[in-house]
Amino acid sequence: MGFGIGVSSPGMGPRGIIEQFSGGDNQRGAAFNRRVVVRLLAYLKPYKRPMLLACLAMLVVSGLTLLTPYLLKEAVDQYISQGDRAGLAHISLLTAAAFAGLYLATAGQQYLLAWVGQRVLANLRSALFRHLQQLSLGYHDTHIVGVTVSRVMNDVATINELLSQGIITLLGDTLILVGIVVIMLTMSPRLALLTFIVLPLMLGVTMWFSSRARVAFRETRTRVARVVGDLAEDIAGVRVIQAFGQEDSTQERFTQVNEANRDAHINAMTLSFIFLPAIEFLGVLSTAIVLWFGGRAVAADEITLGVLVAFLSYVTRFFQPVQELSRLYTTMQSAMAGGEQVLKLLDSPPEVQDQPEAGEMPQISGRVSLDHVSFRYRPDLPEVLHDVNLMIEPGQTVALVGPTGAGKTSIGNLIARFYDVSAGMVAIDGIDVRTVTQQSLHRQIGLVPQDSFLFSGSIAENIRFGRPQASDAEVEEAARLANAHDFIIAKPDGYQTRVLEGAANLSVGQRQLVCIARAILTNPRILILDEATSNVDSMTESLIQGALRKLLQGRTAVVIAHRLSTIRSADLICVVQDGQIVEQGNHDELLERGGAYRALYQRQFSG
Amino acid sequence: MQRISSENRPSTSPSQAQILWRCFGYLRPHWKITAGAYLMMVLIDAVAMINPQLIGWAIDHGLEADSASSTGSLTLAVGALLVLVLVKGLFTYFQGRWTEVASQNVAYDLRNELQRKITQLSFSFHDQSEAGDLLSRTIQDVERIRFLTGRAMFRVIEGSLLMLVTAVVMIVMNPLLGLMALLALPLLVVQSISFGRVFRPLSVVIQKQLATVTTRVEQNLRGARVVKTFAQEEAEIERFEAENRRWFDLSATAARLQAVNMPRLHLIANLSSVVILWYGGTLVINGQLTLGELVAFTTYMAQLVSPVRFLGMILPAISMAAASAERIFEILDTVPEVHEEPGAPELLERLAAEKRVCRGHIRFENVAFSYGRHASILKDITFDALPDQVVALLGPTGSGKTTVVNLIPRFYDPSAGRITLDGVDIREVTLNSLRAQIGIVLQETTLFAASIRENITFGRPDATQEEIEAAARDAQAHEFILQTQKGYDTPVGERGITLSGGQKQRIAIARALLTDPRILILDDATSSVDSETEHLIQLALERVMQARTTFVIAHRLSTVQRADLILVLDKGRIVASGKHADLLTASPLYQNIYNQQLKRGKG
């Protein structure tokens, strides 16, 4: 619906991302960027042979394209005019052979180019995906998922268009253009030069159109994005709209964006309906020039009738490459812009990196210490943790409590080394986490995320996520420990039930249980548990509590806690406020002390 | 959406022809402009018939060595050629523009109709539909209908007409040569169809595979934290590569098919023009055909074959459009479950007729509710909420609390029993007049991408600044709003500030208060916020419950304790009702909830 959005902020809500997606050639750069081209061409290197073959095919295509009108001329001048039937049959066969050759060469060229193009596309996507796996969480915090997906899927596709089709089109069309010019000049310089008069007109019209069209079509994309955004809001807010009886006003707003969309499309298409006849007119104009001047020349016996017929044929072939080349220019612009983005992503270094001499993290016993730790997410952002000291003994459960934004999650993130500290040191069993490889560290750490994130796939695949080689029996055992087994086998497909997006087929509580099973299966030494805040019914709640108790047993656990039961049974409670641990102790001690914890407790837990 | 409520779905499934016919029905309001476009089309085709004749005529009559008459013929032919192309250009412009205008209007009308329908359909519809699906029906599916009623239909008719007329002209010019040229047609059609038959299903598979690859990337990014903690980067790469590889294999197969198709169509056309060159050339040698006619013939040949390629592309588009239309009409034909009686009066008018005002007395009489044919969700609900009372609903998840309150503004209708407001059956008055008396803070807070002010005034766009601020104060939202950069004009959403869950909720409370409702419904208003915010919201609620009938789905002891009526629900029934003190002794379930949930504070 988006009232007022039209004026102030066109890209709100789902719009921002949609605009990225519907962008097409939204982003444009210079048509040529040497650095980008050189880097991208390297991706063609492994495919030298098919590319060379495609070039060869392209040469054949260009040659045959130029040859056939010439054969036509010969047929008219040498045989039809002379009444040579055998000769006509002969040259007809020759022309047929030329067309057959053209067919084979064109098909070969197109296949090779498409094959190489898609190969490179797949390779580039793999390279990007690999790189994304190495990037730290810092990258994911600052980039919208949709935009990154669009880099991997869409930008790469524009580059491919240029790499595979573009280069060969450039060569082939240039070759044909030059060939036609040369042949026409040889056949009849005067007639050729007269025909070329149309060329600058053609270029002018094309350029006028593409600059206007770029603006007009960009407008259509913006308008469509607004329609999508408006409707997306109507759907998301439909309950509110009905509750407040605002159906009519949302319809009015929608009609407005819908109308703007319609008009933008009509405008853009109208440009095409001017452009197409204009180009056709110029084509006929050149035919007319050839016909009139050529006809006069034939009459004056300066050229043969065959030359005239061949000229008529060349003229129609002349303008196609001109059009193709101007279209290529546009492709190149967006490919350069896309290439730049893709390279930027490929070149972005992971913020958290393994040190060159990093060793494996030995079997963790579970002592975690934070020693004067300060932390900010990015150098330009304010500090979120100041001088935090914390000592967790093996097997202890530590509850972090405090208001939203106090820094509880950041403490969890630093222990798992999703980020590096800005000052101080995080150590596990006395080993600075920065001196070991991330893989070996992460393998011994488990996570139950607050939003109970599950991947699309079956329940079994999700439980097995951290240990893909686990047997069915092990998966089931983990599910049993997590109190998830019973509800899973109650589903029609049991462990093979697909997890759908949203809470479509698994309730929030059930998702939490699956997440717990997933963590249990990897048997981590250290567990980071971000307790979910959403309400689940008391039955499920007690299942979750039971599962958590088993999960926490015998491991070091850092719990970002919201539940009183978790907090009460914790060995150590840390009250986090404004990036600092302001109180530490167990439940009774802290209540006794009558400080921040007591205030928090009274407000939050005693109704 | 796979699961539109079976109750409402139109029962007969119409044939593809019927569906397409209904699509073309949307052109009816724009019939004048459509007729104009098709008239232009006939004229364009006529010009297309004349052009080759002119060139041929010029070659035959304009190239004589001698005379002024020859030059005259040539000039005449060339002049006519240029005039005709200008005329044709004009026709093309109007044809294109009018076709576009008509079809864009079809899309415009369809989208308006869809949006209207979507905002009117009851909660039961939206419970079962997905936003992405509704969006893609309104955007992509409508786009296909636009293409069908615009260029696709035009191309089919224009192409068929052009082929037919060209074929006739060729046969009239020279029957035998004409027939030889026509030989190419069946070959072209066979090639187009057989290509389409293999390629279309393949391209569907490729699209799906590409979507799978995209989903892999997206899921991987969304779950980045999980991937990292479980150290599954390598396994993720392997999974991605497998899907990526499969996409490549499919695409390579498609590339092979595609690489051959177009060149093959060209080959067929080219070879038949060689036949014409040979046989026609022989005729010229025999003096049965002029050279100009031969040249004209080859030009006609090009005209004859070009529509075949379009048809090859457009026929699949038509069947795709039919599938799209089916999805669109499925929504348009859904009847909202909740609808007004024809001629229903406004609530206040109805009360005024009996010299009464709205006081907010809600009465449930033996109300039952079930979703379609599913098991019943509510059974035999009977209670009285007197004006200005606070009614608290309690019970385990799925016990039907939310459903009870959703029946009051008629988001759903009961399957049995009735609900009255001040003695009037709520089904007897208009929906908007009923809902105008009710303020709701829903379980999930939805704000719109607009300024804070626009969000608060959503239900009453004409509210004054004083009223807005008063509502915001009552909702404990005024303070934090003033702290934002542009105060009440601060935009909400991605381009604006990000509000916390608690701030959103307080704005939603202000939004509900601004309409000064007689009846207030608060559903789970304090989930997922931290304790500080919770405290503020609590304060807000205490204030706003005064002087109106309030229904609250509560998790908080203090709210429940001060309620005038507590309804304890279990499995869709009211198992106990009364005040806190009575229930503590009378209801074991209440005791249980009290001990487990309320005392613990957070559920």
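Computed from a prediction, not measured in an experiment: that's the story for all the values here.

A.B. asks: So what about the overall build of chain B? Which residues, and what values?
C.D. replies: Check the secondary structure of chain B and you find 21 helices and 10 strands. Structurally, chain B occupies a C-alpha span of about 120 × 70 × 50 Å along its principal axes. The 603 residues of chain B split such that 56% are buried. Of all intrachain contacts in chain B linking residues separated by at least 6 positions in sequence, the fraction that spans at least 24 positions is 76%. Of the roughly 25200 Å² of accessible surface on chain B, a fraction of 57% belongs to carbon and sulfur atoms. Here chain B carries 60 positive and 60 negative side-chain charges, and the mean point of each set is 3 Å from the other.

A.B. asks: Talk me through helix α3 (residues 34-41) of chain A; I want residue IDs and the actual numbers.
C.D. replies: Residue and element names in this part refer to chain A. The set of residues buried in α3 consists of Val36, Val37 and Leu40. Projected onto a plane normal to the axis of α3, the buried residues spread over an arc of 95° and lie on a single side. Close packing links the buried residues of α3 with α7 (145-187) and α12 (305-347).

A.B. asks: Got a sec to walk through the nonpolar core? Specific residues and values, please.
C.D. replies: In terms of nonpolar packing, the biggest core is built from 102 residues, with Ile80, Met184 and Phe311 of chain A together with Met170 and Ile276 of chain B touching the most fellow members. Ranked by residues supplied to this core, first place goes to helix α11 (residues 247-299) of chain A with 13 residues. When sequence neighbours within four positions are dropped, the list of residues in contact with Ile276 of chain B reads Met170, Leu177, Ala181, Gly281, Leu294, Phe297, Thr298 and Met301 of chain B. Of all hydrophobic cores here, the second largest spans 82 residues; its members include Ile381, Val404, Leu513 and Ile593 of chain B.

A.B. asks: Please set out a nonpolar patch on the surface residue by residue, giving values where relevant.
C.D. replies: Residues and elements named next belong to chain A. On the surface, a cluster of nonpolar side chains totalling about 370 Å² of accessible area is made up of Leu53, Leu56, Leu59 and Leu175. With three residues, helix α4 (residues 48-80) is the largest single contributor of residues to the nonpolar patch. Mapped onto the secondary structure, Leu56 falls in helix α4. A residue is classified by how much of its surface remains accessible, and Leu56, at 53% relative accessible area, is exposed.

A.B. asks: If you had to explain the pairing of strand β10 (residues 556-560) of chain A to someone new, which residues and values would you point to?
C.D. replies: On any regular strand, side chains alternate: one points to one face of the sheet, the next to the other face. All names here are of chain A. Of all five residues in β10, five are buried; the element is thus mostly enclosed. Residue alternation in β10 divides its side chains into two sets, Thr556, Val558 and Ile560 and Ala557 and Val559, and both sets are buried. Summarising the sheet, strand β3 (residues 397-401) and β10 pair through four bridges and their orientation is parallel. The residue bridging Thr397 from the neighbouring strand is Ala557, located in β10.

So, how was this worked out
Residues numbered from 1 in each chain as written. Chains lettered and ligands numbered in written order. Predicted model: local features only at pLDDT ≥ 70, side-chain atom pairs only at ≥ 80, totals over all residues. Heavy atoms only, no water. Helix = DSSP H or I, 4+ residues; strand = E, 2+ residues; numbered from the N terminus. Buried < 20%, exposed > 50% of the residue type's maximum accessible area, 1.4 Å probe, protein only. Contact = heavy atoms within 4.5 Å. Areas by Shrake-Rupley, 256 points an atom, 1.4 Å probe, with all protein chains shown as cover. Lys, Arg positive; Asp, Glu negative; His and termini not counted. Charge placed at Lys NZ, Arg CZ, Asp CG, Glu CD. Arc of directions from axis to C-beta. Core = buried A, V, L, I, M, F, W, Y, C linked by side-chain atoms within 4.5 Å. Patch = residues over 30% accessible without salt bridge, like charges linked within 9 Å, V, L, I, M, F, W, Y side chains within 5 Å. Salt bridge = Lys/Arg side-chain N within 4 Å of Asp/Glu carboxyl O. Pairing = 2+ DSSP bridges.

The values reported here are purely geometric and, on their own, carry no functional implication.
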